[in-house]
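Fold and contact review
This is what each chain is made of:
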Amino acid sequence: MVVEDKTETHDRVRTLLTPMGYDVKGFTEPEPALEELEQTKETPYVLVISGYAMSEMKGDALLTKAREASPDTFRILIAEAAYIDTMVSAINTARIHSCLTHPFDDQDLVNQVEQCSLGFKAAMKMKTLKQTIQRQNRQLFQIASNYKKKQAADLAQVNAREKEIRVLESKLKSGQHSESTEKVPELDDIIDAKEIQFTAPGFGLEFQKMKSQVKTILETALFNQGMEPRALSYQDVIFRALQERQYPELVRKLIPPIRMLINQSHNAGTDLFGLNFKRYMDAHFQVSFSDDKAKAFINILRKNPDIMSVTCIKYYLHWYNISYGIAPDDKIQDWLDQGLKSDDKKPPEKPQPFVVAHGLDPILPVNGEIRYHFATDFLHAGKVNEDGSINFKDRGDIPFVKANTFLASKVIAETGKPGIDVTGREIPVQEPVDRTFEAGAGAVTSEDGKKIHATVDGQPHLDALGKVSVFPELKINGDLGFETGDVIFDGNVVVNGTVKSGFKVKGASLTAQEVEGAEIDLTGDLNVSMGIVDAKLVNVRGTVQAKFIHNSKIGAFGDLIVQREIVDSQIRLSGACVNTNGTIINSEISANMGIEAGNIGTDTSGASKLTVGKDEHTLNLVAGIDAQIRRNMEAGSRMTAEIADLEKEDQELHGTIANHATVQDRAQLELKSIRESMADLKASGNMAAFQKVKQAAEQLEEDARNAEEDISRGFERQDTIAGDITRNKERIVRLERQNAEKEKEKKQLLEYTDTKTPKPEVKAGKTIRSGTRVLGPNTTMLIQENQSRCRVVEIARKSDESGGILFHEMQITNYPV
């Protein structure tokens, strides 16, 4: 296979190698070649020869993908001598087997091809031998597995019988000792003794009364002793109940505070253990919380010495689920004492609440931040003349950096730490906002990921997706057309003429006098001295600047700056459309940051459709990425299902092969016995019996051969299944890798659009014609009459008549003359 966009290379290689018996197939584009390698992986190509300086894809990148698509195929790279460093890198990344430099000698090419051919054949023989050994190993392993399975089955049968014996013995033993002399108390005796009503509500009431009262009394008493109750499992409780008396000292210590607690409740005139207690306390105290419940406050509304105690306050806090970070007892007591001493006749104007509980405050996250050390908004392609054209000779101060220059730094985002509120619940914190920090061409990221430095001399550049690059400059004196061909350059392209129709420019930024029907794909800015005409595909991550635009389709992350007219064009911008002194005629323009024009529409032209305050450019790109991710996921799901079916078939084959191996083994054993008897029959002269036994032996031999053939076919099918599973898994990995890259690109797009505050407005410095349709994020307006010097903007307001519901409307405001 020869992959080179120059057909003369194909012809030369075919002329040299065809007489030697090689079948040579040529490709001028990389994608069809890679698809061919993927489809022919079962019978791979011997060799792939690729040129380096191809327009669609560099040779080293192609050979890297070729190695992934067809690992067994050998690889040769042909490049100019100037790319010697690239060839060395390709040996490591693409693992190529040979290199040739232009101009190369015919005999050198033939020698390299023959060496690669010999190496390919040797590798294939080794692979075949390895597969044969693996198949034989599997066959031996399967035979051994059959014996192990039989042994395991016998052992399982013995164990089952032993288990039956043990069960029978257990039943016999239980039958001999089934009587018990221990008397168990009846439920009726317990109910009569406690005088409990024999109904469901009676049981529930008794249980709740016992549970809540005993639990509350014990918890409160333990609280006063500086202790906390410990939960026990049901089994632990039963075990402890069977032991001797537990904790006698603790019981003696708890009896006085329990008695005091009950007396205190009685003196306060309320039930400390019921809902009435909370209502009573609410009349005397007020509990409030901070917004995140990290703090709880309490105020005294009415003084009552009987309930102004630490015990009552703590139990009162439990009704509000306050259990974490409660203030120490001495602090609470000091606050209560101050409240009792205060003069009721002179209450404070603003009583200060007491912080009765303070949880753990959360630690807020730190968002990531990027600091750039070069001018990121440089747009000077040249000085703009009064007529809107660009003077390329006067380009102002162009940013320029040397290799190793420090370009940007990043403040790494720091994750916050959740807090704990006074109820013991976690106070969540948001994830920090991180920003894309990536080095592009001509730049490198430090090992710690916090700095970017230049690796070459050139112009620093920041694209819309946050990638920092350093670009050299390519100058073309004259037009970009048949003499130059397409230009794919990792840098800034300056064309002192016209980019002709049918040609493509892909690079960082482009400066040209005019663009006629060309395809433009840039990571930076597009600056055109005259106009953009009949351009069907212009994708720009930066800003577009031109004198006029006719019949073109443009998408850009930055602004569109036009001096004169925009006619019959479709434009989507993440930035603004600035056409202050020009005219918009019969065009569809979507600009997230608003549209400004002199005139919109004419008396004879069709109406324009203007969308503002909505980033349709980014949304369309995100929708395309989502669609690609869905397609990849669906393809991955299909491959996963295929793998499951193949694995199921492989398992079934294991059983089939095992059965055939059993047949083969049985036939061999019977053959051995028959052959021994055949010799005796022949010696005895009993030929009739001899012939009968001989026929049986022949039948057994045929059965053994058939079993062997079935086993071989099974192993061959297993090899095919293993290959199909491996290929599907490799495809799934590639799809997952593609989806990861797409998710990263989507994140960068959304991150970029989040930095822009939408501006849903259209400004007309002169006239906006009737029929113009203005679309905002939430509403639309059709201009019914011509309007002069006006501003159309979407506003949001609340209606008093509709109960304060938020609604949106378009509003026209005229400027004073």
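So, how was this worked out
- Residue positions are counted from 1 within each chain, in the order its sequence is given.
- Residue-level local features of this predicted model are given only where pLDDT is at least 70; pairs of side-chain atoms are given and counted only at 80 or more, and the full residue set underlies all totals for whole chains, interfaces and linings.
- Just so you know, side-chain values use all the structure's heavy atoms and leave hydrogens and water out.
- A helix here means a DSSP run of H or I that spans at least four residues, while a strand means a run of E at least two residues long, and both kinds are numbered starting from the N terminus.
- Between buried and exposed lies partly exposed: a residue is buried under 20% and exposed over 50% of the maximum accessible area for its type, with that area taken using a 1.4 Å probe on protein chains only.
- It only takes one pair of heavy atoms within 4.5 Å for two residues to be counted as in contact.
- Reported accessibility uses the Shrake-Rupley method at a 1.4 Å probe radius. Residues are deemed covered only where the shown protein chains occlude them.
- Should DSSP find at least two bridges between two strands, the strands are taken to pair.
- For Phe, Tyr and Trp, where Trp contributes only its six-membered ring, two rings pair if their centres lie within 6.5 Å, and the inter-plane angle classes them as stacked under 30 degrees, edge-to-face over 60, or tilted in between.
- Note on definitions: salt bridges are taken to be side-chain nitrogens of Lys or Arg within 4 Å of carboxyl oxygens of Asp or Glu.
- Here an axis means a line fitted to C-alpha atoms, over the contact stretch when the element is a helix, while the angle between two N-to-C directions is reported on a 0 to 180 degree scale.
- In these notes the angle categories are as follows: under 35 degrees is roughly parallel, over 145 is roughly antiparallel, 65 to 115 is roughly perpendicular, and the rest is oblique.
- Amino acids are sorted into nonpolar (Ala, Val, Leu, Ile, Met, Phe, Trp, Tyr, Cys and Pro), charged (Asp, Glu, Lys and Arg) and polar (every other residue, Gly among them).
- Note on convention: near helix rotated counterclockwise from far helix by under a right angle means a left-handed crossing. Clockwise means right-handed.
- Buried Ala, Val, Leu, Ile, Met, Phe, Trp, Tyr and Cys residues form a nonpolar core when they are joined through side-chain atoms within 4.5 Å.
- The patches described consist of residues with a relative accessible area above 30% and no salt bridge, like charges being joined within 9 Å and nonpolar side chains (Val, Leu, Ile, Met, Phe, Trp, Tyr) within 5 Å.
- Two N or O atoms form a polar contact when they lie within 3.5 Å of each other; inside protein one atom must be a possible hydrogen donor and the other a possible acceptor, and for residues adjacent in sequence the pair counts only when both atoms belong to side chains.
- pLDDT is defined as a per-residue confidence score from the predictor, taking values between 0 and 100.

When helices and strands are counted, the protein chain shows 14 helices and 43 strands. Going through the 817 residues of the protein chain one by one, you find that 38% of them count as buried. In the protein chain, of all internal contacts separated by at least 6 residues, the share reaching a separation of at least 24 is 50%. Total accessible area computed for the protein chain in this model is approximately 48,000 Å², and 51% of it derives from carbon and sulfur atoms.

Spatially, β21-β23-β25-β28-β31-β34-β36-β38-β40-β41 is the arrangement adopted by the 10 strands of the open sheet, whose pairing is mixed. Single-partner strands in this sheet number two, and they are β21 (487-488) and β41 (780-782). Note that strand β25 (residues 519-522) and strand β28 (residues 537-540) share four bridges and pair parallel. Paired with Glu-519 across the strands is Leu-537, a residue of β28.

Assignment of secondary structure puts Tyr-324 in the loop between α11 (310-318) and α12 (329-341). Accessibility expressed as a relative area gives 33% for Tyr-324, which makes it partly exposed. C-alpha separation for the pair Tyr-324 and Asp-421, spaced 97 residues apart in sequence, amounts to 7.2 Å. Sequence-distant contacts of Tyr-324, defined by excluding residues within four places in its chain, comprise Ala-357, Gly-359, Leu-360, Ile-420, Asp-421, Val-422 and Gly-424.

The next subject is the packing of aromatic side chains. For the structure shown, the criterion picks out six aromatic pairs. Judged by centre distance (6.2 Å) and plane angle (45 degrees), the ring pair of Phe-285 and Tyr-316 falls under tilted. Here Phe-285 is found in strand β6 (residues 285-289), whereas its partner Tyr-316 is found in helix α11, with 31 residues between them in sequence. An identical accessibility class is assigned to Phe-285 and Tyr-316; each is buried.

Let us now look at the side chain of Thr-498. Among the structural elements, Thr-498 can be located in strand β22 (residues 492-499). With relative accessibility at 11%, the residue Thr-498 sits in the buried group. Excluding residues that lie within four positions of it along the chain, Thr-498 makes contacts with Gly-478, Asp-479, Leu-480, Glu-514 and Glu-516.

Within the structure shown, the criterion is met by 26 salt bridges. Asp-603 serves as the salt-bridge partner of Arg-769, at 2.9 Å between the closest nitrogen and oxygen. In this pair, Arg-769 is assigned in the loop between β39 (761-768) and β40 (773-775) and Asp-603 in the loop between β37 (595-600) and β38 (609-612), connecting sequence segments 166 residues apart. A residue is classified by how much of its surface remains accessible, and Arg-769, at 22% relative accessible area, is partly exposed. With a relative accessible area of 64%, Asp-603 lands in the exposed category.

Spatially, the three strands line up as an open sheet ordered β15-β19-β18, and their pairing is mixed. This sheet does not close on itself; its edge strands, each paired only once, are β15 (438-439) and β18 (459-462). Inspection of the sheet shows β15 paired to strand β19 (residues 467-471) by two bridges, in the parallel sense. When the sheet's bridge partners are listed, Glu-438 is paired in β19 with Lys-467.

Between α11 and α12, whose axes approach to 10 Å, the crossing angle comes to 110 degrees. On the basis of their axis angle, the class for α11 and α12 is roughly perpendicular. Facing Val-310, Ile-313 and Lys-314 of α11, the residues of α12 in contact are Asp-329, Ile-332, Gln-333 and Leu-336. Among the residues forming the contact of α11 with α12, the class breakdown is four nonpolar, one polar and two charged.

Their axes nearest at 9 Å, the elements helix α2 (residues 30-39) and helix α3 (residues 59-69) cross at an angle of 20 degrees. Classified by the interaxial angle, the pair formed by α2 and α3 is roughly parallel. For α2 against α3, the interelement crossing comes out right-handed. Residues Pro-30, Leu-34, Leu-37 and Glu-38 of α2 touch α3, and the partners they reach there are Leu-62, Lys-65, Ala-66 and Ala-69. Of the residues in the contact of α2 with α3, the class split is six nonpolar, no polar and two charged.

A word on the nonpolar core. In terms of nonpolar packing, the biggest core is built from 48 residues, with Val-499, Leu-510, Ile-520, Leu-526, Ile-532, Leu-560 and Ile-595 touching the most fellow members. Those residues in contact with Leu-526 that lie beyond four places of it in its chain are Leu-510, Ile-520, Ile-532, Val-538, Val-540, Thr-543, Val-544 and Gln-545. Counting residues in each nonpolar core, the second largest holds 23 residues, with Phe-277, Phe-285, Ile-298 and Ile-313 among its members.

Where nonpolar side chains cluster on the molecular surface, the patch consists of Met-126, Leu-129 and Ile-133 and spans about 300 Å² of accessible area. Among the secondary structure elements, Ile-133 is positioned in helix α5 (residues 106-176). You can call Ile-133 partly exposed: its relative accessible area is 40%.

For Asn-321, which is not glycine, the phi torsion reads 60 degrees and is therefore positive. Residue position: Asn-321 is located in the loop between α11 and α12. You will see that Arg-789, though not glycine, has its phi angle at about 40 degrees, which is positive. With respect to the helices and strands, the residue Arg-789 is situated in strand β42 (residues 787-799).

Tracing the sequence through the fold places Asp-525 in the loop between β25 and β26 (526-528). From its side chain, Asp-525 meets the backbone nitrogen of Thr-543 in a polar contact 2.7 Å long.

This part takes up the pairing of β6. Strand direction decides the pairing type here: β6 and strand β7 (residues 295-300), joined by five bridges, are antiparallel. Opposite Ser-288, over in β7, you have Phe-297 as the bridge partner. Where β6 hands over to β7, the hairpin turn is made up of five residues, of which Lys-293 adopts a positive phi near 60 degrees.

With respect to the secondary-structure elements, Gln-139 resides in helix α5. Placed 572 residues apart in sequence, Gln-139 and Ile-711 show a C-alpha to C-alpha distance of 8.1 Å. In this structure, Gln-139 is in contact with Gln-664, Glu-708, Ile-711 and Phe-715, ignoring residues within four places of it in sequence.

Glancing now at the environment of Leu-140. On the secondary structure map, Leu-140 appears in helix α5. Owing to a relative accessible area of 57%, Leu-140 belongs among the exposed residues under this scheme. Taking the C-alpha atoms as reference points, Leu-140 and Ala-661, separated by 521 residues in sequence, lie 9.8 Å from one another.

Time to look at the confidence of the model for the protein chain. Confidence along the protein chain averages 80 in pLDDT terms, with 80% of residues attaining 70 or more. In this model residues 173-185 is a low-confidence stretch, pLDDT under 50, and it forms zero contacts with partners more than four residues away in sequence or in other chains. Between residues 379-383, whose pLDDT stays under 50, and residues either more than four places distant or in other chains, the model counts 17 contacts.

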